[in-house]
Amino acid sequence: MPSPEMLKLAEERAARYRAAIELKEPDRVPFTGMGGDVVAAYAGISSYEYCFDPEKSLQAIIKYLKDFPSDRPIGGMSGIGNAITQLAFLDYPDLTGLFAMVDGPTNDILGVDYIRFPGREVDEYSSPQFIGAEYMKADEYDELIADPVKFLFEKIVPRTTRNLRDLGSPAALATMARFGMHKARSGAFMQKQAAELLKLGYKSEPASFFLAPLDFISDNLRDTVNLVKDLRRYPDKVKAAAEALLEPMLKLALLGKNIGADMAFIPLHLNEYLSPKLYNEFYWPTLKEGILRMLQEGMKSQVFFEGWHDAHMESVLELPAGWGVGYFEKTDVRKAKKILKGHTCIMGGIDVGMVIASTPAKLDEYIKELLGEMMPGGGFILSPNIGNLPRETPIENIAAVYEAVEKYGKY
Amino acid sequence: MRDELLKSFVDMDEQEAVRIARELIETDGGAAAVLDTCKEAMEEVGRLFEAGEYFLSELIAAGDMFNQIMEFTLPKLQGGEVASIGTMVLGTVLGDVHNIGKDIFKVMAEASGINVIDIGIDLPHEKFVEAIKEHKPELVGMSCLITLGVDSMKRTIEVIREAGLRDDIKIIIGGGRVSQAVMEHVGADAWADDAARGVRLSKELLGKE
Ligand code: B12
């Protein structure tokens, strides 16, 4: 059982985060902490062990969080999202969630071609990887448009998932049975993990997931370069496909409400690729509609604007104030604040490249200046610009960041 | 006709550009004129990209057009007409499988006259060493889109040094996750997170600008 102090601490942390999302000034700047591959390295285990041995990974997380506490820690990378299979099983809401994250043992069972795990397809010390490919040909747009869920189940799942190649075969049925058995075990472990983390003052915060329909097509079906070319070669089909995917994607994200999620994570991929003209014509309409519809249903969004988002900043203002969190990677958070203050909660600020390559003294100075500019007025969550610190990250640099946040993070 | 090719290329009119190039190749300047004009067009596209008017979508389209046109142009060129200003071995470092940034930079570097040897993605350190020994380039380009690749670059450069090859080459790093700090950390000579700047710096390193 967690102590009353820890329960109180968990509430304080959650409240700090919530206040920032509501564009207010909390007692301290909410800090997500910095996780990633370094969590496993800090405990002296390989990424393979982290991904395949839940007990070891839990111990690694606990060790790291005891030394580096924060408000909403990210942890290490133990799996890869799998939107294809989730959408393919959309009509079975009790199952869709189980496909959300492919962990190591799950990938052994399913055999997903575009996912690689440490100690299996890649080196023991690499993190798990998503490798896209062209799984859908350009002449299949019509099929995708006609019935996305059916198309994904019948065509794409067998193409991408080795042990479900032949959907009606005994091999496929056995795969599904094994999958179910593993999920029962890992579900029980997740509950144990949540209880252990509560003892350290961390509530589990269920989150939902949404993808810009065009990103789904680009990452999972057509491949990025093909999609960018499709925009010029088959503009109408691409548009219709994005529209056809919107409803299934929304239904998937809103299923998160069943587990208490009130925030959807949306990582953007094509944003940096597209000119404002292409962005506004092909990408933004279905993304915006998704964000607005979720908001109507009580679910805010946390959009990860990957790469440079500078060219599309103004479009964010088309959303109602308080819509959610804008998490920035390369776009300067100071610049984002100038444009979005009082409208969007801004997240980011710590350049991971610096944490690797800089010194404790410089990092202290950097955090001090950053917080000095970003904290006033509230609506800011401090986080690294990327969720994954490499194994080799100097521990003294990590410590310097946490100490600086402690020193300069009080309102 | 050169002006028309230049204009349709820069305006991203793929069909027109390819059509005019096919015509031009049969007339006055021949293949050499097509090559020169396309190089000029790529340079202009790069300029527009650096100025924030063009985006990656346009760089990809331009690279695609350039490759399409070169496919029927290069075989028609006489040996001496494709002058190279230097050789670069280029690859994405160990642990990183992103290839798009590297591929875009490659076309633009080639269009500027650099002979680029693309050795692939997710490259073990030794692959760079082997390629340097084989091709004796003046430049080595490393592409890195993930932070995990920073340490790979550092190790690769160490391995190149251990092989006694570091002083023979200049190293330029590129890709979304590089910066001045990263360059200093890994011990490279230049860095660029956009292809147009990367081409400019590569030419400088070759002493060509
Ligand atoms: C498209 C994409 C993918 C595609 C890759 C498709 C492909 N075939 O390349 C897919 C979906 C497969 C993918 C997979 C993954 N990705 Co990815 N991906 C991206 C994304 C959205 C765009 C990258 C890109 O292509 N940019 C466009 C290119 C053109 O830009 P660029 O690299 O900067 O290149 C330009 C210049 O830098 C320069 N340049 C490039 N190379 C060179 C070289 C030299 C020598 C020079 C001079 C110049 C130069 O020229 C280019 C044109 O200007 C970025 C986010 C982002 N916007 O950056 C994430 C991103 C790079 N991915 C990321 C991650 C983590 C991954 C995965 C590891 C995820 C996972 N855990 O599975 C896997 C990859 C596995 C691996 N080990 O590599 C992270 C990296 C985080 C980090 N700092 O470590 C990013 C930043 C997303 C994020 N914010 O989290 N990804």
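Details of the domain arrangement of chain B
Accessible area lost on assembly of the parts is the figure often given for the size of an interface.
Residue and element names in this part refer to chain B.
Now for step 1: Here chain B is partitioned into domain 1 (2–78) and domain 2 (86–205).
Now for step 2: Here the C-alpha centroids of domain 1 and domain 2 sit 26 Å apart.
Now for step 3: Contact residues are listed per partner, giving 12 residues for domain 1 and 13 residues for domain 2.
Now for step 4: Here domain 1 meets domain 2 over a buried area of about 930 Å², counting both sides, of which 73% is carbon and sulfur.
Now for step 5: Close ionic contact of E50 with R200 constitutes a salt bridge, the shortest N to O distance being 2.7 Å.
Now for step 6: In this structure, the connection of domain 1 to domain 2 is made through 1 residue pair in polar contact (both at pLDDT 80 or more).

Focus on the site of the ligand
Now for step 1: Around the ligand, the surrounding shell holds 45 residues, and the nearest of these are F130 and Y273 of chain A together with H98, N99 and T147 of chain B.
Now for step 2: Lying at an intersection of chains, the ligand is approached by residues of chains A and B.
Now for step 3: Take G176 of chain B: an N or O atom from its main chain is 3.0 Å from an oxygen atom of the ligand.
Now for step 4: Mapped onto the shell around the ligand, the elements with two or more residues apiece are β4 (129–130) of chain A together with α5 (100–111), β3 (139–143), β4 (170–174) and α9 (195–205) of chain B.
Now for step 5: With 5 residues, α5 of chain B is the largest single contributor of residues to the shell around the ligand.

A short note on the packing of aromatic side chains
Now for step 1: Summed over all chains, the structure comprises 18 aromatic pairs over all chains.
Now for step 2: A centroid spacing of 6.5 Å and a plane angle of 50° characterise the contact between Y141 of chain A and Y234 of chain A, whose relative ring orientation is tilted. Taken together, the positions of Y141 of chain A in helix α8 (residues 141–146) and Y234 of chain A in the loop between α12 (224–233) and α13 (235–255) put the pair 93 residues apart, joining distant regions of the chain.
Now for step 3: Take Y234 of chain A: its relative accessible area is 33%, and that puts it in the partly exposed class.
Now for step 4: Among the aromatic residues, ring-to-ring pairing joins F31, Y42, Y64, F68 and Y402 of chain A into one connected group.
Now for step 5: Between R120 of chain A and the ring centre of F52 of chain A, over which it is positioned, the NZ or CZ distance is 4.5 Å.
Now for step 6: Directly above the ring of W191 of chain B sits R197 of chain B, whose terminal nitrogen or CZ lies 4.6 Å from the centroid.

Quick word on the interface of chain A and chain B
Now for step 1: At the junction of the two partners, chain A supplies 29 residues and chain B supplies 24 residues.
Now for step 2: A buried area of about 2100 Å², summed over both sides, lies between chain A and chain B, and 61% of it is on carbon and sulfur atoms.
Now for step 3: If you look at where chain A meets chain B, you find 6 salt bridges.
Now for step 4: Among the salt bridges present, the one from E329 of chain A reaches R177 of chain B, with a minimum N-O distance of 2.3 Å.
Now for step 5: The interface formed by chain A and chain B holds 10 residue pairs in polar contact (both at pLDDT 80 or more) in total.
Now for step 6: Secondary structure elements with two or more residues in the side of chain A that touches chain B: α12, α14 (276–296) and α17 (352–357) of chain A.
Now for step 7: Considering every element that reaches the side of chain A that touches chain B, the biggest residue donor is α12 of chain A, with 6 residues.
Now for step 8: Within the side of chain A that touches chain B, the residues separate by chemical class into 14 nonpolar, 6 polar and 9 charged.

Quick word on the coordination of the cobalt atom of the ligand
Now for step 1: Its sole protein donor being H98 of chain B (NE2), the cobalt atom of the ligand sits 2.3 Å from that atom.
Now for step 2: Mapped onto the fold, H98 of chain B is located in the loop between β1 (86–93) and α5.

Quick look at empty space enclosed by the protein
To find leftover empty space, one rolls a probe the size of a water molecule over the atoms.
Residues and elements named next belong to chain A.
Now for step 1: Under the criterion given, the structure shown has 3 cavities of 30 Å³ or more.
Now for step 2: By volume, the largest cavity amounts to about 50 Å³.
Now for step 3: Lining the largest cavity are G36, D37, A40, S47, Y50, C51, G76, M77, S127 and P128.
Now for step 4: Listed by contribution, the elements that provide at least two residues to the lining of the largest cavity are α2 (37–42) and α3 (47–52).
Now for step 5: When residues in the lining of the largest cavity are grouped by element, the largest group, 3 residues, is from α3.
Now for step 6: Within the lining of the largest cavity, the residues separate by chemical class into 5 nonpolar, 4 polar and 1 charged.

Notes on the sheet that holds strand β9 (residues 345–350) of chain A
Residue and element names in this part refer to chain A.
Now for step 1: A sheet is described by the order of its strands in space; here 6 strands give the open sequence β5-β6-β7-β8-β9-β10, paired in parallel fashion. Each having just a single partner strand, β5 (208–209) and β10 (380–384) make up the two edges of the open sheet.
Now for step 2: By the bridge criterion, 5 bridges tie strand β7 (residues 300–305) to strand β8 (residues 324–328) in an arrangement that is parallel. Note on β8: the bridge partner recorded for F304 is Y327.
Now for step 3: On top of the sheet, helix α16 (residues 333–340) reaches β8 and β9; it is set at about 165° to β9, its chief contact.

Quick notes on the pairing of strand β2 (residues 114–123) of chain B
Residue and element names in this part refer to chain B.
Now for step 1: With 7 bridges connecting them, β1 and β2 associate as parallel partners. Residue pairing across strands places V89 opposite I117, the latter belonging to β2.
Now for step 2: Remark: the β1/α5/β2 crossover connection has right-handed handedness.

Focus: the sheet that holds strand β5 (residues 190–192) of chain B
Residues and elements named next belong to chain B.
Now for step 1: Here we have 5 strands laid out as an open sheet, ordered β2-β1-β3-β4-β5, and parallel in their pairing. A strand with exactly one partner marks an edge of an open sheet, and here the two such strands are β2 and β5. On average, each strand axis in the sheet is tilted by 20° relative to the strand beside it, whichever way the strands run.
Now for step 2: Sheet topology note: the β1/β3 ladder contains 5 bridges and is parallel. Paired with L90 across the bridge in β3 is G141.
Now for step 3: Strands in contact with helix α7 (residues 148–162) are β1, β3 and β4; relative to β3, the strand with the most contacts, it is inclined by about 155°.
Now for step 4: Each of β1, β2, β3, β4 and β5 touches α9; the most contacted strand, β5, lies at about 160° to it.

Some thoughts on the nonpolar core
Residue and element names in this part refer to chain B.
Now for step 1: With 203 residues, the main nonpolar core has F9 and I173 as its most contacted residues.
Now for step 2: Counting only domains with at least three residues in this core, you end up with domain 1 (2–78) and domain 2 (86–205).
Now for step 3: Residues contacting I173, with those up to four places away along its chain left out, are M142, M153, V178, V182, M183, V186, A188, A190, W191 and A192.

Some remarks on the pattern of salt bridges
Residue and element names in this part refer to chain A.
Now for step 1: Tallied over the entire structure, the rule returns 47 salt bridges over all chains.
Now for step 2: In this structure, K251 engages D91 in a salt bridge whose closest nitrogen and oxygen atoms are separated by 3.5 Å. You can see K251 sitting in helix α13 and its partner D91 sitting in the loop between α5 (83–88) and α6 (93–96), a full 160 residues away along the chain.
Now for step 3: On the basis of relative accessibility, which here comes to 42%, the residue K251 falls in the partly exposed class.
Now for step 4: The partner of E247 in a salt bridge is R293, and the shortest N-O contact between them spans 2.9 Å. In this pair, E247 sits in helix α13 while R293 sits in helix α14, placing the two residues 46 residues apart along the sequence.
Now for step 5: Residue classification places E247 among the partly exposed positions, given a relative accessible area of 43%.

Rules and cut-offs
- Residues numbered from 1 in each chain as written.
- Chains lettered and ligands numbered in written order.
- Predicted model: local features only at pLDDT ≥ 70, side-chain atom pairs only at ≥ 80, totals over all residues.
- Heavy atoms only, no water.
- Domains from an automatic or database assignment.
- Contact = heavy atoms within 4.5 Å.
- Buried area = accessible area lost by both parts, 1.4 Å probe.
- Salt bridge = Lys/Arg side-chain N within 4 Å of Asp/Glu carboxyl O.
- Polar contact = N/O pair within 3.5 Å; in protein donor to acceptor, adjacent residues only side chain to side chain.
- Near = heavy atom within 4 Å.
- Helix = DSSP H or I, 4+ residues; strand = E, 2+ residues; numbered from the N terminus.
- Phe/Tyr/Trp six-rings, centres within 6.5 Å; stacked < 30°, edge-to-face > 60°.
- Buried < 20%, exposed > 50% of the residue type's maximum accessible area, 1.4 Å probe, protein only.
- Lys NZ or Arg CZ within 6 Å of the ring centre and 35° of its normal.
- Nonpolar A, V, L, I, M, F, W, Y, C, P; charged D, E, K, R; others polar.
- Donors = N, O, S within 2.8 Å, 3.2 Å for Na, K, Ca; no water.
- 1 Å grid on protein atoms, 1.4 Å probe; cavity = no way out; pocket = protein on both sides within 12 Å on 5 of 7 lines; lining within 4 Å.
- Points joined across faces, edges and corners; volume = space filled by probe spheres on them.
- Pairing = 2+ DSSP bridges.
- Axes fitted to C-alpha atoms, helices over the stretch in contact; angles between N-to-C directions.
- Right-handed = clockwise from strand over helix to strand, strands pointing away.
- Core = buried A, V, L, I, M, F, W, Y, C linked by side-chain atoms within 4.5 Å.

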